[in-house]
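A closer look at the structure
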Amino acid sequence: GEDVEQSLFLSVREGDSSVINCTYTDSSSTYLYWYKQEPGAGLQLLTYIFSNMDMKQDQRLTVLLNKKDKHLSLRIADTQTGDSAIYFCAERGKLNNQGGKLIFGQGTELSVKP
Amino acid sequence: GAGVSQTPSNKVTEKGKYVELRCDPISGHTALYWYRQSLGQGPEFLIYFQGTGAADDSGLPNDRFFAVRPEGSVSTLKIQRTERGDSAVYLCASSSVSPGLAGVKHEQFFGPGTRLTVL
């Protein structure tokens, strides 16, 4: 089956690093994504990683993928108050089988305190 | 506008009524997805269109839910005999890439959603 799990809340101080964790169950996942959702706004794609990669860095964002443990993490360096939002991990199933639908976790609410 | 738009932004209806939710995808995007997001949860897949046809409707919860995309652009999600449990934010997303194409990130662009409240 398909399931994506995340911790619900994370609170950090401005300037610290944030690490948001996610576990998934579908070993055939091809892409894994991190989306950001701010109040009143649509889901915004932050970054993604292909399943044959271990790490991807994009400015302040670092994504780590452990395929053996089916564990994905998002690290935000120098977290700012503007990073406060809900972060969703999502997996995309095997190509040609699932039409590209995304399976989302329940979201981690990141609170950044000044 | 350049993004995905959804109308209405808010819809309040009474139990048992029929509702239609509209999605305007990004121009030229062939793939269109509907998701439902309940309070405190992540989006949950409902249905996916490639062009005019529903390629995967496995996420529709029951036969009260139906969606169309007659000309391959605008899509309408239709809910009959609404129930209080249907209350949620309904999200639409579109993508320019066929899901069968390997080696690309397959980004789905999401609209702001329609908040449906069934009283």
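Everything in this summary refers to the structure shown in the same document. Small disclaimer: the values here were computed from a predicted structure and weren't measured.

1. Observations regarding the overall build of chain B
Helices and strands together make up the secondary structure of chain B, namely zero helices and 11 strands. Listing each helix as α and each strand as β along chain B from the N terminus yields β-β-β-β-β-β-β-β-β-β-β. Computed over its C-alpha atoms, the radius of gyration of chain B comes to 14 Å, within 12% of the 14 Å expected for a compact globule of 119 residues. Across its three principal directions, the C-alpha atoms of chain B cover 45 × 30 × 30 Å. Counting the 119 residues in chain B, one finds 45% classified as buried. Once local pairs closer than 6 in sequence are excluded, the contacts in chain B between residues at least 24 apart make up 55%. Of the roughly 5,600 Å² of accessible surface on chain B, a fraction of 49% belongs to carbon and sulfur atoms. Of the charged side chains in chain B, 12 are positive and 11 negative; the average position of the first set lies 6 Å away from that of the second.

2. Some details on the pattern of salt bridges
Across all of its chains, the model carries five salt bridges over all chains by this definition. Residue A:Asp69 is joined to A:Lys68 by a salt bridge in which the shortest nitrogen-to-oxygen separation is 3.7 Å. Residue classification places A:Lys68 among the exposed residues on the basis of a relative accessible area of 76%. For B:Asp86, the salt bridge goes to B:Arg64, with nearest N and O atoms at 2.8 Å. Placement of B:Asp86 in the loop between strand S8 (75-79) and strand S9 (88-95) and of B:Arg64 in the loop between strand S6 (53-56) and strand S7 (65-68) is noted, with a sequence separation of 22 residues between them. On the accessibility criterion, B:Asp86 (3% relative accessible area) is buried. Overall, B:Arg64 belongs to the buried group, its relative accessible area being 6%.

Cut-offs and rules
Residues numbered from 1 in each chain as written. Chains lettered and ligands numbered in written order. Predicted model: local features only at pLDDT ≥ 70, side-chain atom pairs only at ≥ 80, totals over all residues. Heavy atoms only, no water. Helix = DSSP H or I, 4+ residues; strand = E, 2+ residues; numbered from the N terminus. Rg over C-alpha atoms; globule rule 2.2 N^0.38 Å. Buried < 20%, exposed > 50% of the residue type's maximum accessible area, 1.4 Å probe, protein only. Contact = heavy atoms within 4.5 Å. Areas by Shrake-Rupley, 256 points an atom, 1.4 Å probe, with all protein chains shown as cover. Lys, Arg positive; Asp, Glu negative; His and termini not counted. Charge placed at Lys NZ, Arg CZ, Asp CG, Glu CD. Salt bridge = Lys/Arg side-chain N within 4 Å of Asp/Glu carboxyl O.

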